[in-house]
Structure formats: structure tokens, C-alpha cells
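Chain residues, written in single-letter form:
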Amino acid sequence: MFKLPNNCPATLKFLEKEIEALTKRKKLQLQFASLDEHRKYLKDGEPCALCGSTDHPYAHAQNLLHLGEVELEIFKNRSFQH
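First things first, this report covers the structure right here in the doc. Values in this document were obtained by computation on a predicted structure and should not be read as measured data. (Residues numbered from 1 in each chain as written. Predicted model: local features only at pLDDT ≥ 70, side-chain atom pairs only at ≥ 80, totals over all residues. Heavy atoms only, no water.)

## Topic: helix α1 (residues 9–34)
Line of reasoning, step 1. Taking 1.5 Å per residue as the helical rise, α1 with its 26 residues ought to reach 38 Å, and the 37 Å between its terminal C-alpha atoms agrees with that figure.
Line of reasoning, step 2. Listed in full, the buried residues belonging to α1 are Leu15, Ile19, Leu22 and Gln29. (Helix = DSSP H or I, 4+ residues; strand = E, 2+ residues; numbered from the N terminus. Expected span 1.5 Å × (residues − 1). Buried < 20%, exposed > 50% of the residue type's maximum accessible area, 1.4 Å probe, protein only.)

Structure representation (C-alpha cells):
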């Protein structure tokens, strides 16, 4: 595991902010992914049980999220901190 020299506070601060941003992105992607199951049951013209909309532009969309990529970036950044 790579360790940062003690005199690299700017790099450490950058990595901390990067981890925070990636963690927020992961949380958002998990929220979107949790709706995938519900999307299967949406029917054109019928109201959504969650929001009431009868327009479902993402009803047939596959989960386009790359959660594994985000988790990998978080891991890489954390490993540089230790």
C-alpha cells in the first residue's frame, strides 16, 4: 500500500475531497438503482405509484450506472491515504 509523505497536506486534502465526491455519487447511484425494480412495472398512460406521473421516459431503460467503477475509485483514493 502506498503511503503519502507527511508533508503532503494538499494531496491529502485533495484525496479527501475526491473520496467525499465519489461517496456522494455512489449514494445517488444506489438510489437510482433501487428504482430499477419499480420501473419494470410502469405502463404507458398509467400513473407511477411513486410520483403519479403518467409519462415514464426511463421505464424501459437499463441501469446505466457504473457503481463498480465508483467503488473502485473510492478504494484507490483511500489506499493512497494510508
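## Here's the deal with a nonpolar patch on the surface
Line of reasoning, step 1. A surface patch of nonpolar side chains, amounting to about 360 Å² of accessible area, comprises Leu28, Phe32, Leu35 and Leu50.
Line of reasoning, step 2. Its location among the elements puts Leu50 in the loop between α2 (36–39) and α3 (67–81).
Line of reasoning, step 3. Leu50 sits in the exposed class, given a relative accessible area of 60%. (Patch = residues over 30% accessible without salt bridge, like charges linked within 9 Å, V, L, I, M, F, W, Y side chains within 5 Å. Areas by Shrake-Rupley, 256 points an atom, 1.4 Å probe, with all protein chains shown as cover. Salt bridge = Lys/Arg side-chain N within 4 Å of Asp/Glu carboxyl O.)

## Quick look at the pattern of salt bridges
Line of reasoning, step 1. According to the stated counting rule, one finds one salt bridge in the structure shown.
Line of reasoning, step 2. Lys24 is the salt-bridge partner of Glu20, the closest N and O atoms lying 3.4 Å from each other. Of the two residues, Glu20 and Lys24 both sit in helix α1, four residues apart, roughly one turn of that helix.
Line of reasoning, step 3. Given a relative accessible area of 44%, Glu20 falls into the partly exposed group.
Line of reasoning, step 4. For Lys24, a relative accessible area of 54% corresponds to the exposed category.

## Overview of the side chain of Arg39
Line of reasoning, step 1. Looking at the secondary structure, you find Arg39 in helix α2.
Line of reasoning, step 2. Under the relative-accessibility criterion, Arg39 is labelled buried at 18%.

## Let's talk about the environment of Pro47
Line of reasoning, step 1. As for its placement among the helices and strands, Pro47 is situated in the loop between α2 and α3.
Line of reasoning, step 2. A residue is classified by how much of its surface remains accessible, and Pro47, at 58% relative accessible area, is exposed.
Line of reasoning, step 3. Setting aside its immediate chain neighbours within four residues, Pro47 contacts Gly52, Ser53, Thr54 and His56. (Contact = heavy atoms within 4.5 Å.)

Take it as geometry only, folks, not as evidence of what the structure does.
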